[in-house]
Amino acid sequence: MKTIPPPCPEPEVGPKYWRSLDQLAEKPEFRQWMEREFQAGASLAPEGEARRDWIKLMSASFMLAGLGGFATGCRRPEEHLTPFAKQPEGYVHGKAQHYATAMPTRGSAVALVAKSHDGRPVKLEGNGLLPGSNGGTDAFTQASLLNLYDPDRAYRHTKAGADVKIEAVRDLLTETGRKFAANGGEGLIFLAERSSSPTRARLQEELAQKFPKSKWFVHEAVDFAVSNQALSVLYGADVQPDYQLENARRILSLDCDFLGTEAEAYRLIRGYAKGRKPAKDAMNRLYAVESLMTITGGNADHRLRVRPTDVVRVAAQVGVAVLELLNEGGELASTLKSLSAGTPANPQWVAACAKDLVSQKGNAVVLAGYTQPLAVHLIAHALNQVLKAVGPVVSVIKSSEARNDGTIADCVSALQAGADALIILGGNPVYDAPADLDFSAAARKAKTVIRWGYYEDETSQMASWNLSATHFLESWGDARTANGTVVPIQPLIEPLFAGLTDIELLARLAGIDKPLPLDLVKTTFGTDEAAWRRFLHDGFQEGSAPKSLEASTAQLGKATTLLAAYRAPASSDFDVVLHRGASVDDGRFNNNGWQQEAPDPITKVTWENVILVSIATARELGIADAANASDGQYRQPVLKIALGNRVVEGPVWVQPGLADKTIGLALGYGRKVTGRVGRGSGFDAFPLFLKDSRHIATGAKVSKVAGRRLVAVTQEHGLMEGRPVIREANLAQFEAKPDFAKHMDLEAHFPHYVPFKAESDGRNVDKRPQNIYEHPYDQNPSTVSKIHQWGMVIDLTSCVGCNACVVACQSENNIPIVGKDQVARGREMHWMRIDRYYSHDPKSELGSDAAAEDPQMAVQPMLCQHCESAPCESVCPVNATVHDDEGLNVMAYNRCIGTRYCANNCPYKVRRFNFFDYNKRETDYASAQSQHFFNFGNLYKGPFGQNRNEAPEWEIVKLVRNPDVSVRMRGVMEKCSFCVQRVEQAKISRKVEVGNSGDVAVRDGDIRTACQQACPAEAITFGNVLDPESAVSKLKHDPRNYSVLGFLDTRPRVTYLARIRNPNTEIVDAKIEGRSGPDSLRDYERHRHENPFESGHGDAHGEQKHSATPVQKGAA
Amino acid sequence: MATAATAAGHGAGKMGSLDPLNAPPVLKIYDPPKELEREPLVLNNRSLGWITDTIAGICEKPMPAWWWPAFIFSAGGMMMMFSLVAYLISTGVGVWGLNQPADWAWDITNFVFWIGIGHAGTLISAVLFLLRQKWRTSINRSAEAMTLFAVACAGIFPVVHTGRVWFALYPGFLIPVPNANAIWPQFLSPLLWDVFAVSTYGTVSLLFWYVGLIPDLATLRDRAKTLLRKFGYGLFALGWTNSNRHWSNYEKAYLIFAGLSTPLVLSVHSIVSFDFAVSQVPGWHTTIFPPYFVAGAIFSGFGMVLTLLIPLRSLFNLHDIITKRHIELMCKVILATGSIVGYAYGMEFFIAWYGGSPYELYAFKNRAFGPYAWAYWSMITCNVISPHLFWSRTLRMTPIIVWCVSIVVNIGMWFERFVIIVTSLHRDYLPSSWGYFTPTWVDVFTFVGSFGLFMTLFLLFIRFLPAIAISEVKAVTPQADPHHPQGGAKGRH
């Protein structure tokens, strides 16, 4: 058959190629020659001798054709190994490289070390070199990596919706700059996110000079700057606080979730945890006055539940008491006295708290939360002044942020006055501006709206130009951390979608010719090349932090005047608190699957926000049964919150510990224009976010709406049921009996306590009962490594439950996102989870219901415990989960057939099964629940569904995978591996390092698991338990050390240090009488009728009473 | 067993030579001696020829009108199950309602349910054979067939419930073969024991059933009117010629298989119970499980035998062969095993309290009063209360009531496995991981479809094979007893 090859498409533009001059001339002879299949002479039959040759030739070619066809059919797709034309310095194929960089945040930055594999960043870690840093980060930082590879990010520049090339964008910027240079910037308005970048500040200064009439406004929906403003009032200059909480012995939080959603929470957690070592006079004490139930309240030693509008009254009341105790009366005291009128707080509580703060004068600090008005911050900073906290705990430093001309409200008035061009630098004001400003209508008045953003979102829709922003891992830049240290932002990858950095944008506007971001940053930094290299290497500029201001320069008078003018809002109807979403921030992480799936630290709700109400309020509204989902499906009633004619609707969540008549709404959900991940997640709370009330709205009306909505939670049961899963005691109890944790649960009752046989080799330092079966290691001692035995200790006193480890683990170990529908079915894949338990004392006078309103909370990171005698291993029929010689319980994914028996037999329920091919799931509608009986939502549907893996967008999603960890297919069980890839890398490095010397034991601290690394509280310690000097061994000898469910004799390698609370003995918490120990301990006593502090209890059965029995003698 | 041979010989050999027109329709009756005054196992003094004609006639005549709709309906169910299994394997186990913490639910419930049903067949054919319970002969063939079909249904679930079925069936994973990686299966795992136990049980049951079929297959071969039937039955009759040597070998083989099967009756369900008993899940970790599971299996197995045989008996007019006495005796077994099961339920609670483990105690409290209390009390109603109706002889002798109770028993036994598996798993040690299991439509219809498979096989069985052991029934007629006035080679028949 004659085949005519299709004509080769010629590019419409660009050079034309021709084979010969004939083709160029389009001669008919050439056309004929082209169209003939066989060239002249080819169709002539051969004759004579040639016939034989012809037959030979043909047979050979048929054979070859057959072979070739066969061989071609079997071939793998052709791949080219292209060597580097120029080998990059220090590059070893397959070996990760690390670069110092930073993630810019609101007016600050997180200094980072990014791990890169073959030019592809795959993991972010905090920069431990930075003074005072331990390398810990928060969940947002960990998840920001996924944003880089988000297929839904703004991948193009557009003009009126049509794609334009970056060259056109550059021209536009230059043109705009030129145009406004002519009129001094008349009608040029900037609306930017907060930034701490010195380069940006420099360029902003240049712009201000060039366009003196232009205006620069700053907008952040969740703006932490209110604290800076209050401090600036006191110091009469633009200053910001920087906290060294490690020096604080007493902390009072005024609605400040500094362990959770507050700015720089990871740094505050670090300080808080450092100051929380259970020892007399060394352990800090945390008082929390709050309206919502937050991580901070949950960790507090004393928590006072008040309505958000009453926080200022309680703050004033505490202020009065403190000033009284310090004999500092004056105008401030009287102002505060009048402000405290109508306070709901128990005076005894306040008096005891104030006394405690004053007793630790110099080491006591008061923190105020961003949701609270300026007045509360003024009180907090004033109290810090009088408590002499400034200096030891609070540093007051000059603000590094560039000046601005006002807020978004000013921007809107400027726009309404008429503007030529509005340049929006980041942020999403159409979505998150105060609703009563009607920003989008105002913005439409500008002739041109140029928007530089990371996503095509609500704001993009009204912008005439949309410029795609780079990720911080794609761009050069700089920033300042909270204490003002300059850190570099250096790219690890070329911009994936030809994005633009903000500094390049500003530089072009400023008329700088060919502004390369690198040069711009270098110009700011200076010319010292050696210092520059050091800057990039260390990830910070030493000594760049500004000096702290003297405390004496503060003037309380101005604060007093402002406070005197302040009228505390009267509460009416319901108060609404609009807070930063713990997972999606103000919406900027809305399209981030890791964050969407990371459960809220308190409610454990994923993929959406809920309307939080207290138990009493729920009862009042007639929806108290909503808390009870005995069938595991939380189909929540829907509430309507109305503030005037602004209405928000969403599923309700009954939250113990919430203030009555208070509604908590997380911001950042319900986006109208977002990527495929965030679509359909939650409801938009911004309609209630108004320019005057901002985070706290009063006078809301709440009503029930018909229907129910499914809410996906990762933890359905919040009580420990008297089981000593988390073992806690008060500091005084701990001091009386430091090893109380060992005397709880059933292991305290075993008849014979014998010292663990292998104590000498350090495998397990706890005293253990003898099992009727031989310990697996004793069966075959030759296979047990004498060099390394890995173990982990988690300090429950330090851990606050911030989720950083959960997301870090997800990032490190390629853990798939499963989507809301699957979470609702109980199939989340997190290898590491944070269990959150409430406890309340049902014996209290108030009865269990009222007591449950003020619960105590405790959190416990739960991961594979790497049991020495692992229940999962013996039940796996195919030997897919086995022990290695260094004490790891390892999964052989290739071997696993997925019987799930191991998961059933795991007492800690840490094994996770791939019920579907989650790695091939569609990104679409991840958050939407399955709408249809036959629809399993967002899953790979096997041969019956379209395989979205073939879609090109998956090529980019795949890039986030850590190449050191395999990606699991469906039908396979998975679980925490103790980051075995990190362990092995460290061992290999050590072997290379020591050569033939044979000292191959990895140095303590060389291996940090992903969770440990990310933990800002340093609650997780991993290491070699064979080495008695290792940190983990020492902690295993801590008297607080215990194993969860130790009586099962699974001998977990992960052990926990009991949680110690440090309550004030003078205080009777809230309204609950007789809280003498942690509620969970009292609950345990009530269930088990025993108390670890009773003399001799628990330890009695073994060591003391029966110490003379023959068994004991024999074993000893 | 010479009498059996003689009787069967009469049936298979001599029947053809008799002139049916001159044969007396009913034999003359002599009063049996006192010691034989029991109700005979075949009523109405049916002749041996009648027995052969009646039983062989079922699979020789065209099937009655109800058979075809029943078959189409069952085959439809079977096809539905296989389609859903294909969906499951192609898409993922997630199409079922399983979750964390309930990683097993309907899959293993169905497996244990079907395996349990299988127990009655082997018990009837082997244990009752060794105990010389002659009444077994009327029911053992169909009970054994039921066993095989139940094992077939049971075998499907543990295979397809795995995440990667293709590896589960691949040699070297579950099937121990030496391989290059020198990895063996984990011999400590009860799931592996299950593989051996169930496959052994299935194989032995099949052989036992087949051996018992040989003389009857020969009868069918000899009665066959078409070449195809002659060939088909002849092929499987293995050249049976009814010779004394054949009978002698046959009896020996049958006895050996009965001996082999008897321990299997106890072992299979004991091993299945180890899936739970060997684990450390509160509510599973119980030493009472092996005996209690075996009793429960016999309980449910007899329930299923009654569910099948009571309609069969009416539809094919087999009242004289499967008599009310048979039904009554089976009811007694149900009463006995049901009481054992009820005792075990009580004892579990006692031990949970007496054992002193709060985790164990909670598991049982949660069973009875937790979110799955409805399942627990359904189970108690069906399994503990309903069998006690059989203390009344009147009720035992009323087939329709017995049939209803037998169905209730099977529902109850399904719930028993569901309760054990799901209520134990859904709330174990750490309250943070507590959850709830809800089945999906795929769960439900796969289980329903497994009844389609079971019934399809059973309907094919009665279509093509003698549903009652002809030779064995003849051996227990009075005529086969040489000491009986009607029996022996006395030439009176």
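Preceding this section is the structure that the text describes.
First things first, this report covers the structure right here in the doc. Treat the numbers as computed from the prediction; the structure is a model and nothing was measured.

Glancing now at the overall build of chain B. Looking only at helices and strands, chain B features 17 helices and 0 strands. Against the globule reference of 23 Å for 493 residues, chain B gives a C-alpha radius of gyration of 24 Å, in line with a compact fold. Here the C-alpha coordinates of chain B stretch approximately 80 × 55 × 40 Å along the principal axes. Scored against the burial criterion, the 493 residues of chain B give a buried share of 61%. Taking all contacts inside chain B whose residues are at least 6 apart in sequence as the whole, residues at least 24 apart take part in 80%. Carbon and sulfur atoms provide 71% of the accessible area of chain B, an area that totals close to 19200 Å².

Bringing the sheet that holds strand E12 (residues 364-368) of chain A into the picture now. All names here are of chain A. Read across the sheet, 4 strands follow the order E11-E10-E9-E12 without closing on themselves; strand pairing throughout is parallel. Both outer strands of the open sheet, strand E11 (302-305) and E12, are each paired with one neighbouring strand and no more. For this sheet, the mean inter-axis angle between neighbouring strands, taken without regard to orientation, is 10°. In terms of strand pairing, strand E9 (residues 250-254) meets E12 through 5 bridges, oriented parallel. Opposite Arg250, over in E12, you have Ala364 as the bridge partner. Packed on one face of the sheet, helix H12 (residues 347-359) meets E9, strand E10 (285-290), E11 and E12 and runs near 140° to E10.

Here we take up the environment of Val806 of chain A. Residues and elements named next belong to chain A. By secondary structure assignment, the location of Val806 is in helix H26 (residues 804-812). As a C-alpha pair, Val806 and Pro599 span 207 residues in sequence and 9.4 Å in three-dimensional space. Ignoring any residue separated from it by four or fewer positions in sequence, one finds Val806 in contact with His830, Met832, Arg833 and Ile834.

This paragraph deals with the nonpolar core. Counting 352 residues, the largest nonpolar core has Leu245, Leu254, Phe258, Val322, Val365 and Leu387 of chain A together with Trp114 of chain B as the members making the most contacts within it. Not counting the four nearest positions on each side in its chain, Val365 of chain A is found in contact with Tyr243, Leu245, Ala248, Arg250, Ile251, Leu252, Asn384, Ala389, Val393 and Val394 of chain A. Among the nonpolar cores identified, the runner-up in size contains 37 residues, and Phe190, Tyr455, Ile503 and Leu509 of chain A belong to it.

This paragraph deals with the environment of Trp106 of chain B. Residues and elements named next belong to chain B. Residue position: Trp106 is located in helix H4 (residues 106-130). The class for Trp106 is buried, based on a relative accessible area of 13%. Along the primary structure Trp106 and Ile400 are separated by 294 residues, whereas in three dimensions their C-alpha atoms are 30 Å apart. For Trp106, the contacting residues outside a window of four places in its chain are Trp414, Phe418, Phe437, Pro439, Asp443, Val444 and Phe447.

Taken together, the contact pairs 68 residues of chain A with 63 residues of chain B. Between chain A and chain B, a total of about 5300 Å² is buried, with carbon and sulfur atoms accounting for 57% of that surface. Among the residues of chain A in contact with chain B, Arg723, Tyr901 and Asn904 of chain A are the three that bury the most area, contributing 14% of the side total. Put simply, chain A and chain B have 2 salt bridges between them. In this structure, Arg900 of chain A engages Asp107 of chain B in a salt bridge whose closest nitrogen and oxygen atoms are separated by 3.0 Å. Applying the counting criterion to the chain A and chain B interface returns 39 residue pairs in polar contact (both at pLDDT 80 or more). Among the elements of the structure, strand E28 (833-839), helix H29 (871-875), helix H30 (901-905) and strand E32 (912-913) of chain A are those that each provide at least two residues to the side of chain A that touches chain B.

Turning our eyes to something else, we now look at the side chain of Arg580 of chain A. Residues and elements named next belong to chain A. Its place among the elements puts Arg580 in the loop between strand E19 (574-579) and helix H22 (593-597). Within the structure, the side chain of Arg580 is placed 2.8 Å from the side chain of Asp585, a separation counted as a polar contact. If sequence neighbours within four positions are ignored, Arg580 has contacts with Arg106, Phe140, Val222, Phe224, Thr261, Glu262, Tyr370 and Asp585.

Residue and element names in this part refer to chain A. Its place among the elements puts Asp301 in the loop between helix H9 (295-299) and E11. Taking C-alpha positions, Asp301 is 9.7 Å from Ile1060, a pair spaced 759 residues apart along the chain. At 2.7 Å, the side chain of Asp301 forms a polar contact with the side chain of Arg276.

What follows is about the pattern of salt bridges. Side chains that carry opposite charge are capable of pairing whenever their charged atoms lie near each other. With the rule as written, the count across this model stands at 80 salt bridges over all chains. Between Arg1003 of chain A and Glu993 of chain A there is a salt bridge, with its nearest N and O atoms 3.0 Å apart. Separated by 10 residues along the polypeptide, Arg1003 of chain A in the loop between helix H32 (980-994) and helix H33 (1010-1014) and Glu993 of chain A in helix H32 bring together distant segments of the chain. The exposure class of Arg1003 of chain A is partly exposed, given its relative accessible area of 41%. A residue is classified by how much of its surface remains accessible, and Glu993 of chain A, at 49% relative accessible area, is partly exposed. Of the charged contacts, one joins Glu60 of chain B and Arg223 of chain B as a salt bridge, the two residues approaching to 2.9 Å between their closest N and O atoms. Of this pair, Glu60 of chain B sits in helix H2 (residues 48-60) while Arg223 of chain B sits in helix H7 (residues 190-223); the two residues are 163 residues apart in sequence, bridging distant segments of the chain. Look at Glu60 of chain B and you get partly exposed, because its relative accessible area is 26%.

Next up on the list: unusual backbone geometry. Put simply, Gln100 of chain B and Pro101 of chain B share a cis peptide bond, and its omega is 10°. As for its position among the elements, Pro101 of chain B is in the loop between helix H3 (67-91) and H4. Unusually for a residue other than glycine, Glu721 of chain A sits at a positive phi of about 55°. A residue is classified by how much of its surface remains accessible, and Glu721 of chain A, at 22% relative accessible area, is partly exposed.

Here we come to the sheet that holds strand E5 (residues 162-164) of chain A. All names here are of chain A. Taken in spatial order, the 7 strands make up an open sheet running E5-E4-E16-E15-E14-E6-E7, and their pairing is mixed. Each edge of the open sheet carries a strand with a single partner, namely E5 and strand E7 (215-218). Between one strand axis and the next, the sheet turns by 20° as a mean value, whatever way the strands run. Alignment of strand E6 (residues 188-192) against strand E14 (residues 421-425), held across 5 bridges, turns out to be parallel. When the bridges of E14 are listed, Ile189 appears paired with Leu422. Sheet strands in contact with helix H6 (residues 198-210) are E6, E7 and E14, and its direction is about 145° off that of E7. Sheet contacts for helix H14 (residues 408-416): E6, E7 and E14; angle to E6, the most-contacted strand, approximately 155°.

What follows is about the pairing of strand E15 (residues 448-453) of chain A. Residues and elements named next belong to chain A. Buried residues dominate E15, accounting for 5 of its 6 residues. The pairing of E14 with E15 spans 5 bridges and is classified as parallel. Within E15, the residue paired with Ala421 across the bridge is Thr448. Bridging between E15 and strand E16 (residues 465-468) involves 4 bridges; their strand directions are parallel. Residue Arg451 lies in a different strand from E16, and its bridge partner there is Asn466.

Moving on to H4 of chain B. All names here are of chain B. Over its 25 residues, H4 extends 36 Å from the first C-alpha to the last, a length consistent with the 36 Å expected when each residue adds 1.5 Å. Leu123 marks where H4 bends most, by close to 40°. Most of H4 sits out of view: 24 of its 25 residues are buried. Of the residues trailing H4, Arg132 is marked for its positive phi of about 60°.

Let us now look at the pairing of strand E24 (residues 662-666) of chain A. Residues and elements named next belong to chain A. Of all 5 residues that make up E24, 5 are buried, and the element is covered over most of its length. Side-chain alternation along E24 places Thr662, Gly664 and Ala666 on one buried face and Ile663 and Leu665 on a second face that is also buried. Note that E19 and E24 share 5 bridges and pair parallel. When the bridges of E24 are listed, Val576 appears paired with Ile663.

Residues and elements named next belong to chain B. Where nonpolar side chains cluster on the molecular surface, the patch consists of Phe350, Ile351, Trp353 and Tyr354 and spans about 490 Å² of accessible area. Residue placement: Trp353 occurs in helix H11 (residues 324-354). Judged by relative accessible area, which is 55%, Trp353 ranks as exposed.

Rules and cut-offs
- Residues numbered from 1 in each chain as written.
- Chains lettered and ligands numbered in written order.
- Predicted model: local features only at pLDDT ≥ 70, side-chain atom pairs only at ≥ 80, totals over all residues.
- Heavy atoms only, no water.
- Helix = DSSP H or I, 4+ residues; strand = E, 2+ residues; numbered from the N terminus.
- Rg over C-alpha atoms; globule rule 2.2 N^0.38 Å.
- Buried < 20%, exposed > 50% of the residue type's maximum accessible area, 1.4 Å probe, protein only.
- Contact = heavy atoms within 4.5 Å.
- Areas by Shrake-Rupley, 256 points an atom, 1.4 Å probe, with all protein chains shown as cover.
- Pairing = 2+ DSSP bridges.
- Axes fitted to C-alpha atoms, helices over the stretch in contact; angles between N-to-C directions.
- Core = buried A, V, L, I, M, F, W, Y, C linked by side-chain atoms within 4.5 Å.
- Buried area = accessible area lost by both parts, 1.4 Å probe.
- Salt bridge = Lys/Arg side-chain N within 4 Å of Asp/Glu carboxyl O.
- Polar contact = N/O pair within 3.5 Å; in protein donor to acceptor, adjacent residues only side chain to side chain.
- Expected span 1.5 Å × (residues − 1).
- Bend = angle between axes of the 7 residues up to and from the residue.
- Patch = residues over 30% accessible without salt bridge, like charges linked within 9 Å, V, L, I, M, F, W, Y side chains within 5 Å.

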